[in-house]
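A look at the structure
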Amino acid sequence: MVTTNDYDSDRENSWCPGCGNFPILEVLKESLAERGIWPHEALIVSGIGQAGKLPQYMRVNMFNVLHGRTLPVATGAKLANHRLVVLAVGGDGDGYAEGGNHLIHAARRNVDLTYLVHNNQIYGLTKGQASPTTDAGSVTTTTPRGNPTPGLNPIALVLSLQPNFVARGYAGNKEQLAQLIQTGLEHPGFSFIDILQPCVTFNKVNTYSWYSERVYDINQAGHDPEDLSGAFSLAQEWGKRIPTGIFYKGDRPVFHESILGKDARPLWELEPEPARISAFFPEYF
Amino acid sequence: MVTTNDYDSDRENSWCPGCGNFPILEVLKESLAERGIWPHEALIVSGIGQAGKLPQYMRVNMFNVLHGRTLPVATGAKLANHRLVVLAVGGDGDGYAEGGNHLIHAARRNVDLTYLVHNNQIYGLTKGQASPTTDAGSVTTTTPRGNPTPGLNPIALVLSLQPNFVARGYAGNKEQLAQLIQTGLEHPGFSFIDILQPCVTFNKVNTYSWYSERVYDINQAGHDPEDLSGAFSLAQEWGKRIPTGIFYKGDRPVFHESILGKDARPLWELEPEPARISAFFPEYF
Amino acid sequence: MHQDYDLKIGGAAGQGLQVIGDLIAKALARSGLHLFAYQDFYSRVRGGHNFYHVRAASSPVFSHKSRLDILVALDQASITRHYDEIGAGGVLLFDSQNVQVEANSPNVMGLDLAKLAVEGGGHKIMANTVAAGAVWHIVGGESELLAGAIADTFASKGEKIVASNQAAAAAGARWAQEMFRGNCSMKVNRQSTDSRMVLTGNEALALGALAAGCRFVSAYPMTPASGIVEHMNGKADRMSLAFEQAEDEISAINMAMGAAFCGVRSMVATSGGGFSLMVEGLSLAGCTETPVVIAMGQRPGPSTGMATRTEQGDLLFCLHAGHGEFPRAILTPGHPEDAFWAMIHAFNLADRYHIPVFVMTDQLLADGYATLTPPDVQRVTIDRGPLAPVDSLASDEPYRRYQFTANGVSPRAFPGQSEKLVISTGNEHDETGLSTEDPTLRTRMVQKRLAKSRPLADEVLPPVGYGGEDAATVLLTWGSSYGACREAVDLLHEDDQDVSMIHLPQVWPFPARALLPLLASTSRVVTVEMNATGQLGRLLRQETLIQPHAAILKYDGRPMNGEFVVEELAKGGQNPW
Amino acid sequence: MHQDYDLKIGGAAGQGLQVIGDLIAKALARSGLHLFAYQDFYSRVRGGHNFYHVRAASSPVFSHKSRLDILVALDQASITRHYDEIGAGGVLLFDSQNVQVEANSPNVMGLDLAKLAVEGGGHKIMANTVAAGAVWHIVGGESELLAGAIADTFASKGEKIVASNQAAAAAGARWAQEMFRGNCSMKVNRQSTDSRMVLTGNEALALGALAAGCRFVSAYPMTPASGIVEHMNGKADRMSLAFEQAEDEISAINMAMGAAFCGVRSMVATSGGGFSLMVEGLSLAGCTETPVVIAMGQRPGPSTGMATRTEQGDLLFCLHAGHGEFPRAILTPGHPEDAFWAMIHAFNLADRYHIPVFVMTDQLLADGYATLTPPDVQRVTIDRGPLAPVDSLASDEPYRRYQFTANGVSPRAFPGQSEKLVISTGNEHDETGLSTEDPTLRTRMVQKRLAKSRPLADEVLPPVGYGGEDAATVLLTWGSSYGACREAVDLLHEDDQDVSMIHLPQVWPFPARALLPLLASTSRVVTVEMNATGQLGRLLRQETLIQPHAAILKYDGRPMNGEFVVEELAKGGQNPW
Ligand SMILES: Cc1ncc(C[n+]2csc(CCOP(=O)(O)OP(=O)(O)O)c2C)c(N)n1
Ligand SMILES: Cc1ncc(C[n+]2csc(CCOP(=O)(O)OP(=O)(O)O)c2C)c(N)n1
Ligand code: SF4
Ligand code: SF4
Ligand SMILES: [Mg+2]
Ligand SMILES: [Mg+2]
């Protein structure tokens, strides 16, 4: 039986003490083990940033790629070997700024993977610049006079693409986060989880206590994840109250089955068959 | 007084006869004239594609840039000279595929410009590949077995970013289109207009008659453009009925004023003042 | 009797001149002739003036000639632009409904194509088949060959369409028989019973990739490369190929990276602007040693430039693209046949060295047709490069993706292949694939990656000479300009000039070792390429310290031919350096 | 007496070693000494082992020495890594709460920084100011200079913070006075009353850009370039500068294009990976002749590489980046002072030729400090290049953005400036700016753009020699390696070796004409650069057909210094070609 220990790595962790990434790492390891997935059966594609370092601190297949490009790489990996449990992990800068276009299209394709965005509303690794989700007015190294633009709403954005699973978690609520990640892993299709993640070093606005005072669970509050319009309305909330939980769950066909067909053998297992092209020759005569 | 003639160009037009781009060109020229804008007061930044050729067929300031990059260029132009009436024009591939990330962020910034997307649900200039808005199942040169992925919903997508103006027009309804473009030009902030544009050569599914049978005016049907959630629900319709008209109208601050302040002189008019940097020298001693 | 003819069909986009060209080309190939054909078109879907140029000969041909034996004019611009190209004994056939010409010789004749199409029992859109029939009769082609070409071309549209197109062609032929009293310099004489395949460069690349076992291709459409993936995609089901049209080129190359990392042979296809967007991904491939093949179809830049035209302006860009330093290979086939084999070689190189490999073409080669005998698929070898031995995957040792080895290549394993974890990062890393900032390890990893350059250089495709050894003047070229140079050498030899040529089918690693002896006894090296800055010449200077004597350059977007090279050589060429 | 000292502070990220370094550097500069300083840090926010190295001397210095006069150790790794660097008479001061060392000499002493900070009336986070106070006392610095540096550094945080930091420094000084019985080889002797500015390369670039009248900067954060825009942005209001953090680098360069097109001097700042994404935009700038300045801060690649470290691996990439062919200029300053002027020159060149201009630095230069006398702002010249004359804008003639001119540069006008329309496209175009596919026009437009290369080459910044003429060996270098070479030449001269150096402050257009005579009487050219493939050497071969004798290369991410160059030269260098 898989246990969390199977995912443990002894690599030195370079995150700041108290960083909101630690609980996410912990919950992710637990959740994978809980779902009975072995480290060699999963592939984590991660971006560049503090969040992108995550798979370095686990025992798991890892492809740590470019800033913002987790989703295309993960899409290619899933098509090549759809037996792998594919996850993509990155920060808010990685996913909502540099990688914004891929987010739209991976969600639209409904690629069967779980995407965790560690949303600390700041650029951590590069030391405190504004991110797309930095609140309006926040002072950062690139917004010394306060952020002139309002934060992007990742939940609303992704809902507009209707992938199969849209949720928001919070690093300060491990139980809920575990449930979201596990549901995301189980549920076929694109599972998007925006995770509120306090950056204790650079984000002095959106702290543990700031979030803790505001978050509430929409599912406990009665939101039905099949109600897309309701989800969109709820997603508008940000301020006094911050909705977390499962916003939406759908059942569109998943990408690799649309492309490869159901029950296809994984592409990577197929041998080259040069001679087969001869069958096409007659059309060129 | 400005007239449509002021916008007329004698350049040979290379669109296919009957192309849905013609009415858009016509309506745009009329609308600019109608709003009293002189050709030298407007700048059209256009992308690459059949739609991107549009400003070549008018007399107007034009910057025809890269495929997918109209919005960043237009944003820079607006910041440099905010007295210009800035428009961005491109196709659905240009704006929703290659340029998807810029669309999200320009909408979020609420840059004061009018963005026209000629949405023919196909790649016209490159001869018939699928676009992000190609309907599921449609056969194109890149989807010979039918498009495996559903079309992207541009209205829902842009609504999730809440720019100041979100609308859908139709090349087959010039009157409504003129009204949308003129409202977009007048209304401060990011005015997004998705325009259903039949491609008579490559899109044999979404034809004039296909659209004409389906479109209806949401404002006539009673939709209130201040109702964001209602707009999002309406935006889900696509099939038997296709909603057109103004989905949303808001009044968030516009980008160049947030950055430059109100009543700033256009940047391009300012002379270099090298000597002024001496004032900063003391901080380095 | 030696046959060597040039035929051009001119008209507006949308007039279907590609159909005429394709039918005649097929029929000529079935007559046993060798072909070279290219298309000239605008970046528009309707209107403008396009043309299709076919050269057909009883021996192999590699470029077009400037004198036409037949001009078929579907629009007036064909007359303004190409009338003067008609040679002695040449025929001008024009669509009398669209074109006005003073018919001052029996070799100049108009016919009402649409009317003949309708009269022939078809529809006016079969006008172009009528033209094909008329031309075919005038050049004396065997009518069943054209009928057969029509049957195969329209087979997928059903028997009725085949039959009425055959009727239209017959109507054209009948018209010619009745009305044409001229004497055409082109006279097709069937050569042998077995005919040759007619393939574009793009089709050859597509077949090569499929033969190589490429099973993943992601691309964003871009002229002139789209044809490759569209062609592959048409065969996707039968070859278990996954194709995805990415949202942009950044995504395309990163998707390919993901698939390649998981063990699938993967490629992308693009042109200059799209490749520009792939440059960061290329650097990721370099750092993570992920094999990927890039089919790079060049067109004139900078920026959007001239989207449907031809140029070889991106050689040094491809060579130096990507931040940081890592090895790569650049294959530069000169002909569709080379292109097929280059593609297979590209996948093998990529897998053997875990590097990005370019196959560079240009619009001329991509969209141009050639005849070839079917490639011998038994000769296709597949080399997946060093793979972690199965027993090592069952051992207790952790797998090390970046294990130090003598030649810098570390055996690959794939995630999910075994219980071994596969770890990789675009940060500098240690042997296991975890990131490091250790200076000593960094230095070794740089050296490991660059160590591949040596064996890669040792097996570079050798330069290919033509026209004899030790000539006083050597034309040095790469890629599609092979054709023009080869034709030029033949022309120059007819004129007793001591000129030969060398074509580089692989430009990087630069084949300096093999090239130097070939140039040793030459007093005059003249580089020939389709660009303005003489990029091959620059590279020659850099890699061999040889100063080329002159450069023959063309950068108007239209292909060179042999005659152009001969003329420029006579004028002494240019010095762009 | 000649003073020349090296001081290093080592500790973990988050321990505030930058504060100690900055305070001491400021105090040293106020003592009239010349500085060179650099920072070595990991791509993490907490932990790891970072250090700050300061060299201070009574004459200008350009690189660090390997022997330390003072090591301040805030973590144990400072001992493991740097203990051996302490020279004769050097002092080791360590934080006794975090570091364990056997104090076997009066020059080795521990102190409890946090305790002293608290006792001194402050908070334990002022431990680093305590350290600064102790060091400053040990080196015999004038206490009011440090107090003043503290006052200015903390001024924005209020008087209370200033006072308690001053108290902390005094506590450190008191401790040193009472406890330190060693004898430090570093003894600061105040040089002159006027002190020098202490600037990083990034700060110099920022000031240069502001002086040049840059009013638009768009960027996406990337080490080591972010500092430039963050520094500019801090002064945005006062200089009417618009800054926008773009969603990605593609957007950044395209925003700059839009602003530049409308007449505003515009720039971007990035590093390798970010620049890779700008390559398509660069090509658009090339085609549309839109001036844009690119501040390119290099770091080790490929891919993410080592994000916070230094390398010069992107020279040939920047030179060839972008599809198609178009001219560009590449400035490669060697020192923060050069960087300031390079930035101003870059904007002038961009406006005079309507081209993209690169200012290349690397992490060493970007984050490294130097002292300089304040630049004479009166010497700053602004040249906006050819602008359409006002009367022409009032005429009836349409404005032609791409008017053919002798040197290829067409006077600019801006949209909205007058009633004239300004028309531009990234397609090939005619003089008015509308697209064309005419082959003759295409050829002329290519020639027009490339025609600028000649005048651009004529005014290339000349190579800068140091160490005398006609030396037997010449070190040839570019960018920040200037410092190490210059120090090496001094060291070699002390050893009576006949070596001089040449620095290229502009690498493209390559200054061949000026360089050749300088190398004429040299038997041995040795290129010196921070990369593995010897890129400058390659370029030298390409542009001059000179084969460099050897290369001195370093690519472990850590800067060279003079001693390294001397040692490598003694060993004969490498041959990467
Ligand atoms: C193309 C590119 N641009 C910029 C960078 C520099 N960079 C590295 S991480 C990062 C942002 C980090 O923010 P986020 O993604 O939110 O991750 P966090 O560190 O906050 O977890 C940036 C801008 C890069 N590596 N690549
Ligand atoms: C970076 C880049 N990739 C690809 C292309 C090729 N290209 C030109 S137009 C176009 C798509 C056209 O479709 P759309 O944007 O929908 O415009 P339409 O022609 O349908 O109006 C493409 C892929 C390009 N010019 N640049
Ligand atoms: S900087 Fe912020 S996000 Fe990064 S490790 Fe530290 S606390 Fe976490
Ligand atoms: S291809 Fe389609 S979009 Fe393009 S001009 Fe023709 S009809 Fe219009
Ligand atoms: Mg973040
Ligand atoms: Mg379209």
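About the thresholds
Residues numbered from 1 in each chain as written. Chains lettered and ligands numbered in written order. Predicted model: local features only at pLDDT ≥ 70, side-chain atom pairs only at ≥ 80, totals over all residues. Heavy atoms only, no water. Helix = DSSP H or I, 4+ residues; strand = E, 2+ residues; numbered from the N terminus. Buried < 20%, exposed > 50% of the residue type's maximum accessible area, 1.4 Å probe, protein only. Contact = heavy atoms within 4.5 Å. Areas by Shrake-Rupley, 256 points an atom, 1.4 Å probe, with all protein chains shown as cover. Domains from an automatic or database assignment. Buried area = accessible area lost by both parts, 1.4 Å probe. Salt bridge = Lys/Arg side-chain N within 4 Å of Asp/Glu carboxyl O. Nonpolar A, V, L, I, M, F, W, Y, C, P; charged D, E, K, R; others polar. Pairing = 2+ DSSP bridges. Axes fitted to C-alpha atoms, helices over the stretch in contact; angles between N-to-C directions. Expected span 1.5 Å × (residues − 1). Arc of directions from axis to C-beta. Least-squares fit on C-alpha atoms with pLDDT ≥ 70 in both. Donors = N, O, S within 2.8 Å, 3.2 Å for Na, K, Ca; no water. Near = heavy atom within 4 Å. Polar contact = N/O pair within 3.5 Å; in protein donor to acceptor, adjacent residues only side chain to side chain. Core = buried A, V, L, I, M, F, W, Y, C linked by side-chain atoms within 4.5 Å.

Time to look at the overall build of chain A. Check the secondary structure of chain A and you find nine helices and eight strands. Projected onto its principal axes, the C-alpha positions of chain A cover 70 × 45 × 40 Å. Within chain A, the fraction of its 285 residues that count as buried is 69%. Put simply, of all contacts in chain A between residues at least 6 apart along the chain, 72% involve residues at least 24 apart. Working note: accessible area of chain A is about 9,000 Å², and carbon and sulfur atoms make up 49% of it.

Residue and element names in this part refer to chain C. Assigned domains of chain C: these are domain 1 (4-179), domain 2 (199-379), domain 3 (386-459) and domain 4 (464-571). Using C-alpha coordinates to define each centre, domain 2 is positioned 25 Å away from domain 3. In this assembly, 21 residues from domain 2 lie in contact with 23 residues from domain 3. Interface area, domain 2 with domain 3, both sides summed: about 1,900 Å², of which 59% is carbon and sulfur.

Another point: the interface of chain D and chain C. Chain D puts 64 residues into the contact, and the matching count from chain C is 64 residues. In total, chain D and chain C occlude about 5,100 Å² of area from one another, counting both sides; carbon and sulfur atoms represent 55% of this. Glu 437 of chain D is the partner of Arg 309 of chain C in a salt bridge, and the nearest nitrogen-oxygen pair spans 2.6 Å. Residues of the side of chain D that touches chain C, tallied by class, amount to 22 nonpolar, 27 polar and 15 charged.

Moving on to the sheet that holds strand 2 (residues 61-64) of chain A. In spatial order, the strands read 7(A)-8(A)-5(A)-6(A)-4(A)-3(A)-1(A)-2(A)-15(C); together these nine strands make up an open sheet with mixed pairing. Each edge of the sheet is formed by a strand with only one pairing partner; in this case those strands are strand 7 (215-217) of chain A together with strand 15 (423-425) of chain C. Taken pair by pair, the neighbouring strands of this sheet meet at an average axis angle of 20°, ignoring direction. Seen against the sheet, helix 2 (residues 70-80) of chain A touches strand 1 (42-46), strand 2, strand 3 (85-91), strand 4 (113-119) and strand 6 (190-196) of chain A and runs at an angle of roughly 175° to strand 3 of chain A.

Residues and elements named next belong to chain C. Read across the sheet, seven strands follow the order 9-8-10-11-13-12-19 without closing on themselves; strand pairing throughout is mixed. The two strands at the open ends of the sheet, each matched to only one other strand, are strand 9 (242-245) and strand 19 (506-508). Ignoring strand direction, the axes of neighbouring strands in this sheet form an average angle of 20°. Note: strand 11 (residues 292-298) against strand 13 (residues 356-362), seven bridges, orientation parallel. In the strand pairing of strand 13, Ile 294 is matched with Phe 358.

What follows deals with the pattern of salt bridges. With the rule as written, the count across this model stands at 89 salt bridges over all chains. As a salt-bridge pair, Asp 112 of chain A and Lys 78 of chain A come within 3.7 Å of each other at their nearest N and O atoms. A residue pair is termed long-range when its members are at least 10 positions apart, and Asp 112 of chain A in the loop between helix 4 (100-109) and strand 4 and Lys 78 of chain A in helix 2 qualify at 34 residues. Residue Asp 112 of chain A is classed as buried on the basis of its relative accessible area of 19%. Note on Lys 78 of chain A: relative accessible area 5%, which makes it buried. A salt bridge links Glu 257 of chain B to Lys 262 of chain B, with the nearest nitrogen and oxygen atoms 3.2 Å apart.

Residue and element names in this part refer to chain D. As for its position among the elements, Leu 68 is in strand 4 (residues 68-73). On the accessibility criterion, Leu 68 (2% relative accessible area) is buried. Through-space distance from the C-alpha of Leu 68 to that of Leu 284 is 50 Å; in sequence the pair is 216 residues apart. Ignoring sequence-local partners within four residues, the contact set of Leu 68 consists of Asp 6, Leu 7, Lys 8, His 53, His 82, Glu 85, Ile 86, Gly 87 and Gly 90.

Bringing helix 6 (residues 174-186) of chain B into the picture now. Here helix 6 of chain B contains 13 residues, and its C-alpha end-to-end distance of 18 Å stays within 8% of the 18 Å for a straight helix at 1.5 Å per residue. The set of residues buried in helix 6 of chain B consists of Gln 176, Leu 177, Ala 178, Leu 180, Ile 181, Gln 182, Thr 183, Gly 184 and Leu 185 of chain B.

A few words now on helix 21 (residues 562-571) of chain D. Residue pairs three or four apart in sequence face the same way in an α-helix, which turns once every 3.6 residues. Residue and element names in this part refer to chain D. When helix 21 is considered as a whole, its buried residues turn out to be Gly 562, Phe 564, Val 565, Glu 568 and Leu 569. Looking straight down helix 21, one finds its buried side chains confined to an arc of 160°; they lie on one side. Exposed residues lying more than 90 degrees from the buried face of helix 21 are Ala 570 and Lys 571. Looking at the packing, one finds that the buried side of helix 21 touches strand 17 (473-478), helix 18 (481-494), strand 18 (499-504), strand 20 (524-529) and strand 21 (550-553). Once helix 21 finishes, Gly 572 follows within two positions and takes phi at roughly 100°, a positive value.

Okay, the relation of the copies chain D and chain C next. Superposing chain D onto chain C requires a rotation of 180° together with a translation of 0.0 Å along the rotation axis, leaving an RMSD of 0.0 Å. Those values place the two copies in the arrangement expected of a two-fold rotation axis. Minimal C-alpha separation from the rotation axis in chain D is found for Gln 542 of chain D, amounting to 2.0 Å. The share of interface residues of chain D whose copies in chain C are also at the interface is 100%, consistent with both copies meeting through the same surface.

With that out of the way, let us pick up the coordination of the magnesium ion (ligand 6). All names here are of chain B. Protein coordination at the magnesium ion (ligand 6): the donors are Asp 92 (OD), Asn 120 (OD1) and Ile 122 (O), at 2.0 to 2.2 Å from the metal. In terms of primary sequence, the donors binding the magnesium ion (ligand 6) are separated according to D-x27-N-x1-I. Look at Asn 120 and you get buried, because its relative accessible area is 6%. Assessed through its relative accessible area of 3%, Ile 122 is described here as buried.

In this section: the site of ligand 4. Neighbouring residues of ligand 4: Trp 15, Cys 16, Cys 19, Gln 50, Asn 120, Gln 197, Cys 199, Val 200, Thr 201 and Phe 202 of chain B together with Val 45 of chain C. With respect to ligand 4, its neighbouring residues span chains B and C. Of the residues belonging to the shell around ligand 4, the class tally is seven nonpolar, four polar and no charged.

This paragraph deals with the coordination of the magnesium ion (ligand 5). Residue and element names in this part refer to chain A. Binding of the magnesium ion (ligand 5) to the protein goes through Asp 92 (OD), Asn 120 (OD1) and Ile 122 (O), at separations of 2.0 to 2.2 Å. Here the donor residues of the magnesium ion (ligand 5) share one chain and are spaced in sequence as D-x27-N-x1-I. Of this pair, Asp 92 sits in helix 3 (residues 92-98) while Ile 122 sits in the loop between strand 4 and helix 5 (154-159), placing them 30 residues apart in sequence. The exposure class of Asp 92 is buried, given its relative accessible area of 2%.

Residues and elements named next belong to chain A. On the secondary structure map, Gln 121 appears in the loop between strand 4 and helix 5. One polar contact links Gln 121 to Tyr 211, side chain to side chain, over a distance of 2.6 Å. Residues in contact with Gln 121, not counting those within four places in the same chain, are Asp 92, Ser 131, Thr 133, Thr 134, Asp 135, Asn 203, Asn 206, Tyr 211 and Trp 238.

Time to look at the nonpolar core. Counting 202 residues, the largest nonpolar core has Phe 192 and Phe 247 of chain A, Leu 159, Phe 192 and Phe 247 of chain B, Phe 275 of chain C together with Phe 275 of chain D as the members making the most contacts within it. Ignoring sequence-local partners within four residues, the contact set of Phe 247 of chain B consists of Ile 155, Leu 159, Val 166, Ala 167, Arg 168, Ile 218, His 223, Pro 225, Asp 227, Ala 231, Leu 234 and Ala 235 of chain B.

As a further point, take the site of ligand 2. Lining the immediate surroundings of ligand 2 are 23 residues, of which Gln 50, Asp 92, Asp 94 and Gly 124 of chain B together with Glu 249 of chain C lie closest. More than one chain approaches ligand 2, the contributing ones being chains B, C and D. Between ligand 2 and the protein, one listed contact pairs an oxygen atom with a side-chain N or O atom of Asn 120 of chain B at 3.0 Å. Contact with the protein chains removes 98% of the 580 Å² of surface that ligand 2 exposes when unbound. The greatest single-element share of the shell around ligand 2, amounting to four residues, is contributed by helix 3 (residues 92-98) of chain B. Split into classes, the residues belonging to the shell around ligand 2 amount to nine nonpolar, eight polar and six charged.

This part takes up the interface of chain C and chain A. Residue-level contacts link 66 residues of chain C with 47 residues of chain A. Three residues stand out in chain C for area buried against chain A, namely Arg 215, Glu 247 and Leu 421 of chain C, and they jointly supply 13% of the buried area on that side. Inspection of the chain C/chain A interface yields five salt bridges. Arg 109 of chain A is the salt-bridge partner of Glu 247 of chain C, the closest N and O atoms lying 2.8 Å from each other. Where chain C touches chain A, the interface holds 23 residue pairs in polar contact (both at pLDDT 80 or more). Elements that contribute at least two residues to the side of chain C that touches chain A include exactly helix 1 (17-30), strand 7 (197-200), helix 7 (201-211), helix 9 (236-239), strand 9, helix 10 (249-261), helix 11 (272-288) and strand 15 of chain C. Considering each element in turn, the side of chain C that touches chain A owes the most residues, eight residues, to helix 10 of chain C. Of the residues belonging to the side of chain C that touches chain A, the class tally is 32 nonpolar, 21 polar and 13 charged. In this structure, strand 2 of chain A lies alongside strand 15 of chain C, joined through three bridges in parallel fashion. In the strand pairing of strand 15 of chain C, Asn 64 of chain A is matched with Thr 425 of chain C.

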